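# A look at the structure
As a plain string of letters, each chain reads:
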Amino acid sequence: MARILLVEDNPANIQLAMMVLEVLKHELIVAADALDGIRLAEESEPDLILMDIQLPGMDGLKATHFLKENPVTKDIKIVALTALAREGDEERILAAGCDGYISKPIQYDSFAVRLSRFLPIDPKLSRFS
Ligand code: MN
């Protein structure tokens, strides 16, 4: 089980992430903007942060930059959630310090699969693989 911090302002995406993470038995913490996300990242030490890029106020790339500069949060993996598909977007996301990205719109099955690639393998489950 992993603790995942979702920084996302879109209620439909929050809802979908909640459903997927509940099925996968992960713990989910939600922040609706970047400042709340940074605060919760420091307080709750999540295993992974899912970071929406387009947020009200500070955007997700700037928030990622702050988190990667902060000694308390710098080692937490950050995966961008992005609808951006213009040339250079992937480079900008990785340059900001994100460890990867998941394209929006997020869909139930593909989201679960993409997400699992960023999470440590559960030693209790790996016995069976
Ligand atoms: Mn958004």
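Look up a bit, the structure's there.
One structure accompanies this document, and this report is about it. Just so we're clear, the structure is a prediction, and the values are computed from it rather than from any experiment. Residue positions within a chain follow its written sequence, with the count starting from 1. Where totals are concerned, whole chains, interfaces and linings use all residues; where local detail is concerned, this predicted model gives features only for residues with pLDDT of at least 70, and gives and counts side-chain atom pairs only at 80 or more. Calculated side-chain values reflect all of the structure's heavy atoms, with hydrogen atoms and water omitted.

### Some details on the nonpolar core
Definition of nonpolar core: a set of buried residues of the types Ala, Val, Leu, Ile, Met, Phe, Trp, Tyr and Cys, connected through side-chain atoms within 4.5 Å. In this scheme, a residue with accessible area under 20% of its type's maximum is buried, one over 50% is exposed, and one in between is partly exposed, where area comes from a 1.4 Å probe on protein chains only. The biggest cluster of nonpolar side chains holds 21 residues, and the ones touching the most others in it are Leu 5, Val 7, Ile 49, Met 51 and Leu 67. Labels follow the DSSP assignment, with helices taken as runs of H or I lasting at least four residues and strands as runs of E lasting at least two, numbered in each case from the N terminus. The set of elements that each furnish at least two residues to this core consists of β1 (3–7), β2 (27–31), α2 (34–44), β3 (48–52), α3 (60–69) and β4 (77–82). The contact partners of Leu 67, leaving out residues within four places of it in the chain, are Ile 38, Ala 41, Ile 49, Met 51, Thr 73, Lys 74 and Ile 78. Residues Leu 6, Val 20, Val 79 and Leu 81 belong to the second largest nonpolar core, which totals 19 residues. Throughout, a contact is declared for two residues whenever any of their heavy atoms are within 4.5 Å.

### Comments concerning the coordination of the manganese ion
Donor selection uses N, O and S atoms within 2.8 Å of the metal (3.2 Å for Na, K and Ca). Since no water is included, sites may look incomplete. Looking at the manganese ion, one finds its protein donor set to be Asp 9 (OD), Asp 52 (OD) and Gln 54 (O), positioned 2.0 to 2.1 Å from the metal centre. All donors of the manganese ion come from a single chain, and their spacing in sequence reads D-x42-D-x1-Q. One end of the pair, Asp 9, is in the loop between β1 and α1 (11–23); the other, Asp 52, is in strand β3, and 43 residues separate them in sequence.

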